[in-house]
Amino acid sequence: MPHPTLYVARLLPAPVMTAITERFQLTSSPHVEPPRRTDLLDGFRQATAAICTLTEHLDAEVLDAAPSLRVVANYAVGYNNIDLDAARSRGVIVTNTPDVLTEATADLTWALLFAVARRVAEGDHFMRAGTWGGWEPTQMLGADVFGKTLGIMGMGRIGRAVAERARGFTMPVLYWSRRPVPVPGPDNQCLWAPFEEVLARADFLSLHVPLTPETHHLMSAGALRQMRPTAFLINTSRGSVVDEGALVDALTEGRLAGAGLDVYEREPELHPALLRLPQVVVLPHLGSATLSTRVRMGMMCIENIQAVLEGRPALNRVV
Ligand code: DGY
């Protein structure tokens, strides 16, 4: 039996590529960089299955290029890069990679939170510049973390994992989501509150909503104005959840103390002012970027594809 045909949009970690080449016949060779649109369309043509990432915009044109396509495994938990209606109407199953990246993304969220509160990146740059003259009583004073209020927008898997870590720092958590959800931990440590109340009371506000038409610019200019001038915004969800221009205005005008960002509205571009603001820490979309997580994501894509091609239900079906 020949192996089923698979299109892989980007080069994945080596153990995943090995598992793929043992089981599938690739329709083209993946590269580290995102494919050009014409290469994406060419790769899809012969494919019965595809593994794509958040950088590939999968619309009706792409799906129509692949008459034998049965399943697209998105190498991400977010799937805002895929036109789900187009997939549904063509009978193409779409899967994602939940759970396996929850802890890595929650860890990175806290890395950003500490980095902005305690000026970690700024201090590192300062040391590398070779100009440190020794300890000073007033040098690079940051903000306390312990005991401060953590606001969370979106209490899905990653929001919950971020909230659980807050217990170690005795931080009360106020969260907003469409409805209150069961959250593990002691009573009253993590409470649901209306959107405006979370904005107004958070010392650190971390975003964990999926990007949908409803959450696009959830953090609008108006929402940012309701935050404390001493508060920090952390975003490891999707860039377009924040109005990036409005965020730059808030930071520049001192209406917000700082921001830790892993995602941007127009990746790989970011608002140039963000690079000039020392109270901002910017990372290149690293939320799930640990080797073991990225391998688990790849294996999950393979399992989902094999399930569909063998006539079993997909494990992580989106549509
Ligand atoms: C996701 O999974 O949605 C991340 O942004 C990439 O790992």
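Residues numbered from 1 in each chain as written. Predicted model: local features only at pLDDT ≥ 70, side-chain atom pairs only at ≥ 80, totals over all residues. Heavy atoms only, no water.

Summed over all chains, the structure comprises six aromatic pairs. Ring geometry for Trp110 and Phe114: centres 5.9 Å apart, planes at 45°, overall tilted. Placement of both Trp110 and Phe114 in helix H5 (residues 102–117) is noted, with a separation of four residues, approximately one turn of the helix. On the basis of relative accessible area, Trp110 is assigned to the buried category, the value being 5%. What makes Phe114 partly exposed here is its relative accessible area of 27%. Ring centres 5.3 Å apart and planes at 15° place the aromatic pair Phe204 and Phe232 in the stacked group. Pair noted here: Phe204 is in strand S9 (residues 204–207) and Phe232 is in strand S10 (residues 232–235), with a separation of 28 residues, a long-range link. Residue classification places Phe232 among the buried positions, given a relative accessible area of 7%. Grouping aromatic residues by their ring pairs yields a cluster made of Trp110, Phe114 and Phe169. (Phe/Tyr/Trp six-rings, centres within 6.5 Å; stacked < 30°, edge-to-face > 60°. Helix = DSSP H or I, 4+ residues; strand = E, 2+ residues; numbered from the N terminus. Buried < 20%, exposed > 50% of the residue type's maximum accessible area, 1.4 Å probe, protein only.)

Looking at the ligand, the residues that line it are Leu54, Ala76, Val77, Gly78, Leu101, Arg238, His285, Ser288 and Met297. One of the side-chain nitrogen or oxygen atoms of Arg238 is found 2.7 Å away from an oxygen atom of the ligand. Contact distances for the ligand include 2.7 Å between an oxygen atom and a side-chain N or O atom of His285. If the ligand stood free it would expose 230 Å²; the protein chains cover 89% of that surface. (Near = heavy atom within 4 Å. Polar contact = N/O pair within 3.5 Å; in protein donor to acceptor, adjacent residues only side chain to side chain. Areas by Shrake-Rupley, 256 points an atom, 1.4 Å probe, with all protein chains shown as cover.)

In space, the seven strands of this open sheet follow the order S8-S7-S6-S9-S10-S11-S12, with parallel pairing throughout. The sheet terminates laterally at strand S8 (190–192) and strand S12 (280–282), the two strands that pair on one side only. On average, adjacent strands in this sheet sit at an angle of 15° to one another, irrespective of strand direction. Along the sheet, H5 makes contact with strand S6 (150–153), S9, S10, strand S11 (258–261) and S12, crossing S10 at roughly 150°. Seen against the sheet, helix H7 (residues 157–166) touches S6, strand S7 (173–176) and S8 and runs at an angle of roughly 170° to S6. (Pairing = 2+ DSSP bridges. Axes fitted to C-alpha atoms, helices over the stretch in contact; angles between N-to-C directions. Contact = heavy atoms within 4.5 Å.)

Right, let's talk about the pairing of strand S3 (residues 49–52) for a bit. Judged by which residues are buried, S3 turns out to be covered on both faces: Ala49 and Ile51 on one side and Ala50 and Cys52 on the other are all buried. Two strands pair when backbone bridges link them, and strand S1 (residues 5–8) and S3 are joined in this way by three bridges, in the parallel orientation. Looking at the pairing, Leu6 lines up with Ala49 of S3. Where S3 meets strand S4 (residues 71–74), four bridges bridge the pair, whose relative direction is parallel. Within S4, the residue paired with Ala49 across the bridge is Val71.

What follows deals with the pattern of salt bridges. Oppositely charged side chains are able to pair whenever their charged atoms sit close together. The final tally for this structure, using the stated rule, is 16 salt bridges. Asp59 is the salt-bridge partner of Arg37, the closest N and O atoms lying 2.8 Å from each other. Within this pair, whereas Arg37 is found in helix H2 (residues 37–45), its partner Asp59 is found in the loop between S3 and helix H3 (60–64), the two being separated by 22 residues in sequence. Note that Arg165 is salt-bridged to Asp107, the shortest N-O span being 2.9 Å. You can see Arg165 sitting in helix H7 and its partner Asp107 sitting in helix H5, a full 58 residues away along the chain. (Salt bridge = Lys/Arg side-chain N within 4 Å of Asp/Glu carboxyl O.)

Taken by themselves, the reported measurements are silent on function.
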